[in-house]
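# Breakdown of the fold
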Amino acid sequence: SSSSAASDVYKRQPDNQRWHCFGCSKGGDIFNFVMEFEGLDFRTALEELARRAGVELQPLTPEQVQAETEAERLHTLLDVAAEYYHTLLLTAPQAAHTRAYLEKRGFTRETIETFRLGYSLDAWDALRTHLWGKGFNIEDQVKAGMLVQKDDGGTYDRFRDRVMIPICDRRGKTIAFGGRVLSPDAQPKYMNSPQTLLFDKSKVLFGYHLASQAIRAADAVVIVEGYMDVMIPHQAGYQNVVAPMGTALTEAHLKQLQRLTRRFVLALDPDAAGIHGTLQGLETCLLYTSPSPRDRT
């Protein structure tokens with residue numbers, strides 16, 4: 001409540017622009033603090049902070065409203081797709097080999113549900129038909145990265161006969177998918193959604209929405225290479241683990257993580273590519289986290 005936030009002892013965390021109340025265990029950013037401390041809704045808190053900072057709030061332009069509407073529509077589409085894949089994994093006879101694969105890899109039912117893992121049918125139009133039946137047109141399915149558009153204008157499902165791994169933003173909203181093959185002859189082994197309005201792999205860390213609280217609590221983040229490297233440690237209780245989306249660490253990645261901690265542990269594969277990735281990651285961390293230009297030399 002606002003009264004408890006006002007009266008209990010709280011600690012500011014200036015390094016990551018956050019606060020934590022030791023009385024009621026609440027915490028967050030400056031917006032959460034003003035909402036709790038003064039009993040305001042988000043809009044009023046935003047207006048009050050803007051007034052104090054001397055910032056004039058501008059109404060959204062028609063183009064911005066249209067972009068937000070489109071983004072929300074694609075979020076909904078991807079959420080429907082994630083639920084469809086998840087239901088197939090849990091119940092479809094065609095997914096028996098996928099359930100066996102995940103069991104062999106040591107995945108528990110709880111982890112499968114936590115990460116909302118799924119299965120894509122070995123068909124060219126299964127998802128397209130399902131989403132069409134839910135009211136999503138072909139254009140939106142292409143924009144969301146779920147269909148591949150052919151030169152002749154036709155489309156087909158991007159993911160077929162794969163373990164489906166939803167990729168989420170910092171709020172936990174589905175923005176893309178990763179798919180792992182089940183057939184040893186299929187290529188590529190892992191396939192991600194293409195870049196879309198919602199998904200830019202250079203800015204996304206897999207598992208961030210589930211790891212952020214644990215990172216803050218441990219004051220450290222463990223950075224690994226892939227989906228499995230995040231999910232299995234999470235299942236074992238090590239939840240401060242994230243992975244870039246098949247790219248080297250970027251400034252955008254580090255900026256997100258620095259809001260939570262300044263302690264980075266790189267745990268990449270011990271092969272040549274992993275060693276190279278580790279060295280690149282270390283270089284990026286040093287360049288981005290050095291306090292002054294002199295320290296970067």
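Every value quoted in this text rests on a predicted model; they were computed, and no experiment measured them.

Conventions used here
- Residues numbered from 1 in each chain as written.
- Predicted model: local features only at pLDDT ≥ 70, side-chain atom pairs only at ≥ 80, totals over all residues.
- Heavy atoms only, no water.
- Helix = DSSP H or I, 4+ residues; strand = E, 2+ residues; numbered from the N terminus.
- Buried < 20%, exposed > 50% of the residue type's maximum accessible area, 1.4 Å probe, protein only.
- Contact = heavy atoms within 4.5 Å.
- Areas by Shrake-Rupley, 256 points an atom, 1.4 Å probe, with all protein chains shown as cover.
- Pairing = 2+ DSSP bridges.
- pLDDT = per-residue confidence, 0-100.
- Arc of directions from axis to C-beta.
- Phe/Tyr/Trp six-rings, centres within 6.5 Å; stacked < 30°, edge-to-face > 60°.
- Core = buried A, V, L, I, M, F, W, Y, C linked by side-chain atoms within 4.5 Å.
- Polar contact = N/O pair within 3.5 Å; in protein donor to acceptor, adjacent residues only side chain to side chain.
- Axes fitted to C-alpha atoms, helices over the stretch in contact; angles between N-to-C directions.
- Parallel < 35°, antiparallel > 145°, perpendicular 65-115°, else oblique.
- Left-handed = near helix turned anticlockwise from the far one by under 90°.
- Salt bridge = Lys/Arg side-chain N within 4 Å of Asp/Glu carboxyl O.

## Brief notes about the overall build of the protein
The helix and strand tally for the protein stands at twelve helices and 13 strands. For the protein, the proportion of its 297 residues judged to be buried stands at 37%. Once local pairs closer than 6 in sequence are excluded, the contacts in the protein between residues at least 24 apart make up 60%. When the accessible area of the protein is evaluated, it comes to approximately 16600 Å², of which 52% is carbon and sulfur surface.

## A short note on unusual backbone geometry
Most peptide bonds are trans, and most residues other than glycine sit at a negative phi. Cis geometry marks the peptide bond from Q187 to P188, where omega comes out at -5°. Tracing the backbone shows P188 in the loop between strand 8 (174–181) and strand 9 (190–192). Here the phi dihedral of D219 falls at roughly 50°; this positive angle occurs in a residue that is not glycine. Along the chain, the position of D219 falls in the loop between helix 9 (208–218) and strand 11 (221–223).

## Section: the pairing of strand 8
Most of strand 8 sits inside the fold, with eight of its eight residues counted as buried. With antiparallel pairing between neighbouring strands as the criterion, strand 7 (residues 162–168) and strand 8 make up a hairpin whose turn holds five residues, including G172 at a positive phi of roughly 90°. As judged from the three bridges shared by strand 8 and strand 9, these two strands associate in the antiparallel manner. Residue R180 lies in a different strand from strand 9, and its bridge partner there is Y190.

## A word on the confidence of the model for the protein
Per-residue confidence for the protein gives a mean pLDDT of 85; residues scoring 70 or more make up 81%. In this model, residues 292–297 is a region of pLDDT below 50 whose contacts with residues beyond four sequence positions or in other chains number three contacts.

## Side note on helix 7 (residues 126–133)
Among the residues of helix 7, those classed as buried are A126, L127 and L131. Across the axial projection of helix 7, the buried residues extend over an arc of 120°, all falling on one side. Away from the buried face of helix 7 by more than 90 degrees, exposed residues W132 and G133 are located. As for helix 7, its buried residues are in contact with helix 4 (62–91), helix 8 (138–143) and strand 6 (155–157). Directly after helix 7, the chain includes G135, whose backbone phi takes a positive value near 95°.

## A few points about the packing of aromatic side chains
For the structure on display, the rule yields six aromatic pairs. Between Y85 and F177, the aromatic rings sit 5.4 Å apart at their centres with planes inclined by 90°, giving edge-to-face as the arrangement. Of this pair, Y85 sits in helix 4 while F177 sits in strand 8, and the two are 92 residues apart along the sequence. Each member of the aromatic cluster is reached from another via a ring pair, and the members are F115, Y190, F206 and Y227.

## Description of the nonpolar core
Membership of the largest hydrophobic core comes to 46 residues, with the highest contact counts inside it found for Y85, L117, M146, F177 and M231. Only helix 4, helix 5 (96–104), helix 7, strand 7, strand 8, helix 10 (227–235) and strand 12 (241–244) provide two or more residues apiece to this core. In this structure, Y208, I215, V221 and I223 belong to the second largest nonpolar core, which totals ten residues.

## Side note on the environment of H97
Inspection of the secondary structure puts H97 in helix 5. In this structure H97 comes out as partly exposed when scored by relative accessible area, which is 36%. C-alpha of H97 to C-alpha of L182: the two residues are 85 residues apart in sequence and 8.2 Å apart in space. Leave out the neighbours within four places in its chain, and H97 touches Y119, D161 and L182. Reaching out from H97, the side chain makes a polar contact with the backbone oxygen of Q94 at a distance of 3.1 Å. Engagement of the side chain of H97 in a polar contact is seen with the side chain of D161, the distance being 3.0 Å.

## Concerning the packing of helix 4 against helix 7
The N-to-C vectors of helix 4 and helix 7 enclose an angle of 125°; their axes lie 11 Å apart at closest approach. One way to sum up the angle between helix 4 and helix 7 is to call them oblique. The interaxial crossing formed by helix 4 with helix 7 has right-handed handedness. Contacts between helix 4 and helix 7 pair L77, V80, A81, Y84 and Y85 from the former with A126, L127, H130 and L131 from the latter.

## Details of the pattern of salt bridges
Inspection of the entire model under this criterion finds eleven salt bridges. Between D79 and R116 there is a salt bridge, with the nearest N and O atoms lying 2.6 Å from each other. Residue D79 is found in helix 4, and its partner R116 is found in the loop between helix 6 (109–114) and strand 4 (118–120); the two are separated by 37 residues along the sequence. You can call D79 partly exposed: its relative accessible area is 34%. With a closest N to O distance of 3.4 Å, E139 and K143 form a salt bridge. With E139 and K143 both in helix 8, this residue pair falls four residues apart, about one helical turn. Look at the salt bridges and you will find they share partners, linking E48, R51 and R52 into a network.

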